[in-house]
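Here is how the chains run, residue by residue.
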Amino acid sequence: MSPGDHLVDQRWINNYVYVYYPMFSGQKQLTRTTTHQYDEGGINYLETVSKYSYDPIYTHLKRQETTNSDGTIYATELTYPTDYTTDSSATDPAALAIHRLKALHQHSLPIEQTNYQQKLGQAEQLLAGMVTTFEIAANNPNQVRPKALYRSELAAPLDRASFAPTSVHSTTGFGYDANVYALHGTYIGYNDQGRPLGFQLDRDIPSSYLWGYEDRVPLAKAVNAHPTELGYISFETGEASDWAVSPTLPPTSGLIGTHALPTTQVFPAGRVFQVNGQYKRYTFSAWVKTGGSGHLVLRTCAGGSNATYPDPADAASYQQVDFSATGGQWELVQVEIDLDRIRVQAGLLPSEVLEVHAYVWNPTQGLLELDALRFHPSDAFVQTQDYNAATLQPTAIEGVNRLHNSYYYDNFQRLSHIKDFEGNLIGANHYHYKDSSGIENHVQTQLPRIAGLSSLAALNGRSLQELTESYSYSDGPSNSSFMPRRFRSKACRAVLTARRALSLLRWLGPRSNRSPGRGGRWAMGTAPRPVMASMRPMKSCI
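In short, a report on the structure. (Residues numbered from 1 in each chain as written. Predicted model: local features only at pLDDT ≥ 70, side-chain atom pairs only at ≥ 80, totals over all residues. Heavy atoms only, no water.)

Focus: the overall build of the protein
Logical step 1: Secondary structure summary: the protein contains 3 helices and 35 strands in total.
Logical step 2: The buried share of the protein, reckoned over its 542 residues, is 43%.
Logical step 3: Carbon together with sulfur atoms contributes 51% to the accessible area of the protein, which is approximately 28,100 Å² in total. (Helix = DSSP H or I, 4+ residues; strand = E, 2+ residues; numbered from the N terminus. Buried < 20%, exposed > 50% of the residue type's maximum accessible area, 1.4 Å probe, protein only. Areas by Shrake-Rupley, 256 points an atom, 1.4 Å probe, with all protein chains shown as cover.)

If you want it as structure tokens, here you go:
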């Protein structure tokens, strides 16, 4: 082949040559893999053969089949919206959602996944299955989202001939084998951008999520809380929230993340919660720094009213915790309110719905700084995250006990190091590329085993008893090869590859053996300090 063989036309225009040539497109699909696992002698082996089948039109993976050396076949099959016959006149919401997915060309979302086995000389049997039902958003017909998950509940493998796969019937709508599938979990609502607000396993407690920065990243996750019972704001740039905030001054440096709210307003921040749990106890907490005084308030009101209800003389419907000058330090203040107790004291009927008003009260209008306000059920487990608005990299993660870790990045937005709530280094990554010295590409991960190290320079020259180190070499940006054994710590020999270190260090959560009591506070300087060894993401004593 010589240059120009594929040129279909060329012409000169204004002393420039324009060349037209065809575009050849196509696809490559993996259809078969064969794996040999040899014994120590290197002669005998076990063979595993996998075959892959695809939809001839939409190219989705339809069936993956693996055959072991003993002849047993394990297969996974998937069905998609295009595998069902539907129309726009369907009355069943699940069937109508499948039709809408096809109309929106969202063909790659699996509806049903089933796993089978077929032993040599026997019929194929169902091992497990999962079905996802979908719904169309009430306020946006172009948004179709998962509604519920169903999983198989089998005491023993079931012959395939006795199993009815999912289908769509013109009169009964979407159907699944009720003898095989049972409800596994339900999604609890979505926001306007289609982000899930919560999920609840069948006969289990719910988990809820808050989203921020144009709904691109999660701000908070709470276990044992309904989405209506979770609130968080940390006054970061671009965060956005449902809280009413009265900023009057430029933001200051915050304890959690980057910014805090400085204010002299009487009511600087607050929110009304229309809680789903009408018999729960709720906690409202905030980090405060002030030279004056103020209050954190929780009170209940009848739906749509701003008057405290029931009357505080009849029930504990108004709860307030006071705080005074903090001496230039950040202090955690929290207050609780018990709706079950209020309802019993006031003799409220089940039909009477209470709202919870949570707000900060600054009656003297002195300078008050606020950071990381939280509202949630008192028995919920909450973790919150702050981000850099420009990069959406996490800058701080605060755990259940209100202790946080701060995350720092280099100029290439790679995780550089992590500090705990007292400013102690708890992890660092160092990135090295091959140079004239011949040292290969690698990432060095350091996990201090002692307290009091607050700078990267303080890590230099530390012994293995004071510092756990690991090195991960690679032949490219992400292809990790090996880590030398000689760099394992004598104390524990913690082994972390670079990829795992980056991942685990990023989500490393603070720990502590206690937290402030109900309706109380403690200062950052007096908070319990976690043991360094207990904060490592992974330990491997080999």
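Right, picking up where we left off after that structure.
Here we look at the packing of aromatic side chains
Logical step 1: Summed over the entire model, instances satisfying the criterion amount to 14 aromatic pairs.
Logical step 2: Through a chain of ring-to-ring contacts, three or more aromatic side chains come together here, namely Trp243, Phe273, Tyr282, Phe284 and Phe375.
Logical step 3: The aromatic ring of tyrosine 279 is capped on one face by arginine 343, whose charged end is 4.9 Å from the ring centroid.
Logical step 4: Here arginine 414 stacks its cationic end above the ring of tyrosine 431, 4.2 Å away from the centre of that ring. (Phe/Tyr/Trp six-rings, centres within 6.5 Å; stacked < 30°, edge-to-face > 60°. Lys NZ or Arg CZ within 6 Å of the ring centre and 35° of its normal.)

So, unusual backbone geometry
Logical step 1: A cis amide bond links tyrosine 309 with the next residue in sequence, proline 310, at an omega value of -5°.
Logical step 2: Along the chain, the position of proline 310 falls in the loop between strand S23 (294–302) and strand S24 (318–323).
Logical step 3: One non-glycine residue, leucine 392, lies in positive phi territory at about 60°.
Logical step 4: Along the polypeptide, leucine 392 turns up in the loop between strand S28 (381–387) and strand S29 (394–398).

Describing the environment of alanine 75
Logical step 1: Inspection of the secondary structure assignment puts alanine 75 in strand S6 (residues 73–79).
Logical step 2: Taking relative accessible area as the criterion, alanine 75 reaches 2% and is therefore assigned buried.
Logical step 3: A sequence separation of 42 residues divides alanine 75 from glutamine 117, and the C-alpha atoms of the two residues are 6.3 Å apart.
Logical step 4: For alanine 75, the contacting residues outside a window of four places in its chain are Arg63, Gln64, Glu65, Thr114, Asn115, Tyr116 and Glu124. (Contact = heavy atoms within 4.5 Å.)

A closer look at the environment of isoleucine 73
Logical step 1: By the element assignment, isoleucine 73 lies in strand S6.
Logical step 2: Sequence separation between isoleucine 73 and valine 49 is 24 residues; the distance between their C-alpha atoms is 9.4 Å.
Logical step 3: Among residues more than four places away in sequence, those in contact with isoleucine 73 are Glu65, Thr66, Thr67, Tyr116, Gln117 and Gln118.

Considerations on the pattern of salt bridges
Logical step 1: In this structure the tally under the stated criterion is 16 salt bridges.
Logical step 2: The shortest N-O distance in the salt bridge between arginine 63 and glutamate 65 comes to 3.0 Å. Both residues of the pair, arginine 63 and glutamate 65, count as buried.
Logical step 3: Between glutamate 398 and arginine 402 there is a salt bridge whose closest N-O contact spans 2.9 Å. (Salt bridge = Lys/Arg side-chain N within 4 Å of Asp/Glu carboxyl O.)

Quick look at the sheet that holds strand S26 (residues 354–361)
Logical step 1: Pairing is antiparallel across the open sheet formed by 5 strands, whose spatial order is S18-S21-S26-S23-S24. If you trace the sheet from one side to the other, it starts and ends with strand S18 (244–245) and S24, each paired once.
Logical step 2: Of the pairings in the sheet, the one linking S18 to strand S21 (residues 269–273) comprises 2 bridges and is antiparallel in character. By the bridge assignment for S21, alanine 244 is matched with glycine 270.
Logical step 3: Its contacts with the sheet place helix H2 (residues 339–346) against S23 and S26, and it is angled at close to 120° to S26. (Pairing = 2+ DSSP bridges. Axes fitted to C-alpha atoms, helices over the stretch in contact; angles between N-to-C directions.)

Some words on the side chain of histidine 417
Logical step 1: With respect to the helices and strands, histidine 417 occurs in strand S31 (residues 415–419).
Logical step 2: A polar side-chain atom of histidine 417 sits 2.9 Å from a polar atom in the side chain of serine 416.
Logical step 3: Once you skip the residues sitting within four places of it in the chain, histidine 417 turns out to touch Ser406, Tyr407, Tyr408, Leu425, Gly427, Ala428 and Leu456. (Polar contact = N/O pair within 3.5 Å; in protein donor to acceptor, adjacent residues only side chain to side chain.)

Considering a nonpolar patch on the surface
Logical step 1: A cluster of nonpolar residues, Val17, Val19, Tyr21 and Met23, forms a patch on the protein surface that exposes about 430 Å² of accessible area.
Logical step 2: Within the fold, methionine 23 resides in the loop between strand S2 (16–20) and strand S3 (32–38).
Logical step 3: Accessibility expressed as a relative area gives 72% for methionine 23, which makes it exposed. (Patch = residues over 30% accessible without salt bridge, like charges linked within 9 Å, V, L, I, M, F, W, Y side chains within 5 Å.)

Quick word on the side chain of serine 50
Logical step 1: With respect to the helices and strands, the residue serine 50 is situated in strand S4 (residues 45–54).
Logical step 2: Judged by its relative accessible area of 8%, serine 50 falls in the buried class.
Logical step 3: Polar side-chain contacts of serine 50 include one of 3.1 Å to the side chain of threonine 66.
Logical step 4: Aside from chain neighbours lying at most four places away, what touches serine 50 is Thr31, Arg32, Thr33, Glu65 and Thr66.

As for helix H1 (residues 93–103)
Logical step 1: When H1 is considered as a whole, its buried residues turn out to be Ala94, Ala95, Ala97, Ile98 and Leu101. Seen from one end, H1 has its buried residues packed into an arc of 160°, which puts them on one side.
Logical step 2: Those residues of H1 hidden inside the fold are in contact with strand S8 (125–137), strand S9 (140–152), strand S11 (167–169) and strand S12 (173–175).
Logical step 3: Note on H1: the residue one or two positions beyond its end, histidine 105, has a positive phi of about 60°. (Arc of directions from axis to C-beta.)

A few points about the nonpolar core
Logical step 1: Counting residues in each nonpolar core, the largest one holds 30 residues, and the members touching the most others are Phe284, Leu296, Leu298, Val356, Leu370, Leu373 and Phe375.
Logical step 2: Listed in part, the 20 residues of the second largest apolar core include Ala220, Ala225, Ala380 and Tyr387. (Core = buried A, V, L, I, M, F, W, Y, C linked by side-chain atoms within 4.5 Å.)

A short note on H2
Logical step 1: Taken together, the buried positions of H2 are Leu339, Ile342 and Arg343. Viewed along the axis of H2, the buried residues span an arc of 95°, placing them on a single side of the element.
Logical step 2: On its buried face, H2 sits against strand S22 (281–290), S23, strand S25 (331–338) and S26.
Logical step 3: Just beyond H2, the residue with positive phi is glycine 347, at close to 65°.

Some points on the pairing of strand S20 (residues 259–263)
Logical step 1: Counting buried residues along S20, 4 of its 5 residues qualify, which places the element largely inside the surrounding structure.
Logical step 2: Pairing geometry for strand S19 (residues 252–253) and S20, over 2 bridges, is antiparallel. Residue pairing in the sheet places threonine 252 in a bridge with alanine 260 of S20.
Logical step 3: Following S19, the chain reverses through 5 residues before pairing antiparallel with S20; glycine 257 in that reversal takes a positive phi of roughly 80°.
Logical step 4: Relative to strand S27 (residues 368–377), S20 runs antiparallel, the two sharing 3 bridges.

Quick word on the pairing of strand S7 (residues 112–118)
Logical step 1: Relative to S7, S6 runs antiparallel, the two sharing 7 bridges. Counted as the bridge partner of alanine 75 is tyrosine 116 from S7.
Logical step 2: As paired strands, S7 and S8 are joined by 6 bridges and run antiparallel to one another. Pairing of glutamine 113 across the sheet is with methionine 130, part of S8.
Logical step 3: Linking S7 back to S8 in an antiparallel pair, the connection comprises 6 residues, with glycine 121 at a positive phi of about 80°.

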